[in-house]
Amino acid sequence: MAVAVAGVLVAAGAVTYSVAEDGSSGAAPPAVDSADAGFARDMAVHHQQAVEMSYIVRDRTTDADVRRLAYDIAQTQANQRGMLLGWLDLWGLPKVSSDAPMTWMGMGGMSDGEDGALMPGMATNAELKKLGTLNGKQAEVFFLQLMTDHHKGGVHMAEGCVAKCTVGVEKRLAQGMVEAQQSEIKLMADMLKERGAQAR
């Protein structure tokens, strides 16, 4: 496990360094209201909730497949979140904005942030609380349904960065998110079917 964690840290450092290299040619860093900055801020928040949900379900079930998926999601998205926040630091930009989430996509009014659901796909505070009260198969199904919604929202945002971001390595990370999360959506559909359920 220590080797795996070390590998993740080395990869994160390499990607962060490559972003610094992207800007070494004299090009100005992204503006505070750019798609690059907006995506980094918003996806960092979006990812944090996925990590939280993954840790909740890990303690609510003994199912090896669900626990493995939750671990993979938590590790991947925590690593990517660190990259996104690191880039904001490199660019000298704030990690929060007074603009509504997804303003950089032209969708600032799409979500009203009701009960903690700041962006499309995000679970509400009530849903997170409910997940923490379930056990076994019920917890597995609800987690898979919530995470499917979460991934669909994440894919939409990442596709927005692929279309609008200008920093090459960030666009590549976003494209990687699209592909990985679409694959996990298919996996979760199969896992739900195995449990006699389906996405919401």
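Rules of the game
Residues numbered from 1 in each chain as written. Predicted model: local features only at pLDDT ≥ 70, side-chain atom pairs only at ≥ 80, totals over all residues. Heavy atoms only, no water. Core = buried A, V, L, I, M, F, W, Y, C linked by side-chain atoms within 4.5 Å. Buried < 20%, exposed > 50% of the residue type's maximum accessible area, 1.4 Å probe, protein only. Helix = DSSP H or I, 4+ residues; strand = E, 2+ residues; numbered from the N terminus. Disulfide = S-S within 2.5 Å. Contact = heavy atoms within 4.5 Å. Axes fitted to C-alpha atoms, helices over the stretch in contact; angles between N-to-C directions. Left-handed = near helix turned anticlockwise from the far one by under 90°. Nonpolar A, V, L, I, M, F, W, Y, C, P; charged D, E, K, R; others polar. Parallel < 35°, antiparallel > 145°, perpendicular 65-115°, else oblique. Expected span 1.5 Å × (residues − 1). Phe/Tyr/Trp six-rings, centres within 6.5 Å; stacked < 30°, edge-to-face > 60°. Lys NZ or Arg CZ within 6 Å of the ring centre and 35° of its normal.

Caption draft 1: Highlighting the nonpolar core. Ranked by size, the top nonpolar core spans 32 residues in total, and within it F39, M43, L84, W87, L88, A158 and M177 carry the most contacts. Elements with a minimum of two residues in this core: helix 2 (35-58), helix 3 (64-91), helix 5 (136-164) and helix 6 (168-194). The next biggest cluster of nonpolar side chains, apart from the first, holds 22 residues, and it includes L131, L134, M147 and L192.

Caption draft 2: The arrangement of the state of the cysteines in detail. If you walk through the whole model with that rule in mind, you get one disulfide. Covalently, C161 is tied to C165 through a disulfide, its sulfur atoms 2.3 Å apart. An S-S torsion of about -120° defines the bridge between C161 and C165 as left-handed.

Caption draft 3: Structural context of the side chain of Q49. Inspection of the secondary structure assignment puts Q49 in helix 2. Sequence-distant contacts of Q49, defined by excluding residues within four places in its chain, comprise G116, M122, A123, L128 and H150.

Caption draft 4: Expanded view of the packing of helix 3 against helix 5. Orientation of helix 3 relative to helix 5, taken along the N-to-C sense of each, is 35°, at an axis distance of 11 Å. Crossing angle aside, the handedness with which helix 3 passes helix 5 is left-handed. On helix 5, the residues touching V66, L69, A70, I73 and Q77 of helix 3 are E140, F143, L144, M147 and H151. Taken together, the residues that form the contact of helix 3 with helix 5 break down as seven nonpolar, two polar and one charged.

Caption draft 5: Representation of the packing of helix 5 against helix 6. Interaxial distance between helix 5 and helix 6 falls to 8 Å at its minimum, and their mutual angle equals 155°. Judged by the inter-axis angle, helix 5 sits roughly antiparallel to helix 6. Like other packed secondary-structure pairs, helix 5 and helix 6 cross with a definite hand, here left-handed. Grouping the constituent residues of the contact of helix 5 with helix 6 by class yields 15 nonpolar, seven polar and five charged.

Caption draft 6: Structural detail: helix 2. Along its 24 residues, helix 2 runs 34 Å from first to last C-alpha, staying within 8% of the 34 Å computed at 1.5 Å per residue. Across the 24 residues of helix 2, 19 count as buried, placing the element largely inside the fold.

Caption draft 7: Expanded view of the packing of aromatic side chains. All chains considered together, the criterion is met by two aromatic pairs. Relative to W104, the ring of F39 has its centre 5.8 Å away and its plane inclined at 80°; by these criteria the two rings are edge-to-face. Of this pair, F39 sits in helix 2 while W104 sits in the loop between helix 3 and helix 4 (125-131); the two residues are 65 residues apart in sequence, bridging distant segments of the chain. With relative accessibility at 0%, the residue F39 sits in the buried group. Positioned over the ring face of F142 is K130, at 4.5 Å from the centre of the ring.

Function-wise, these values are silent; they only describe arrangement.
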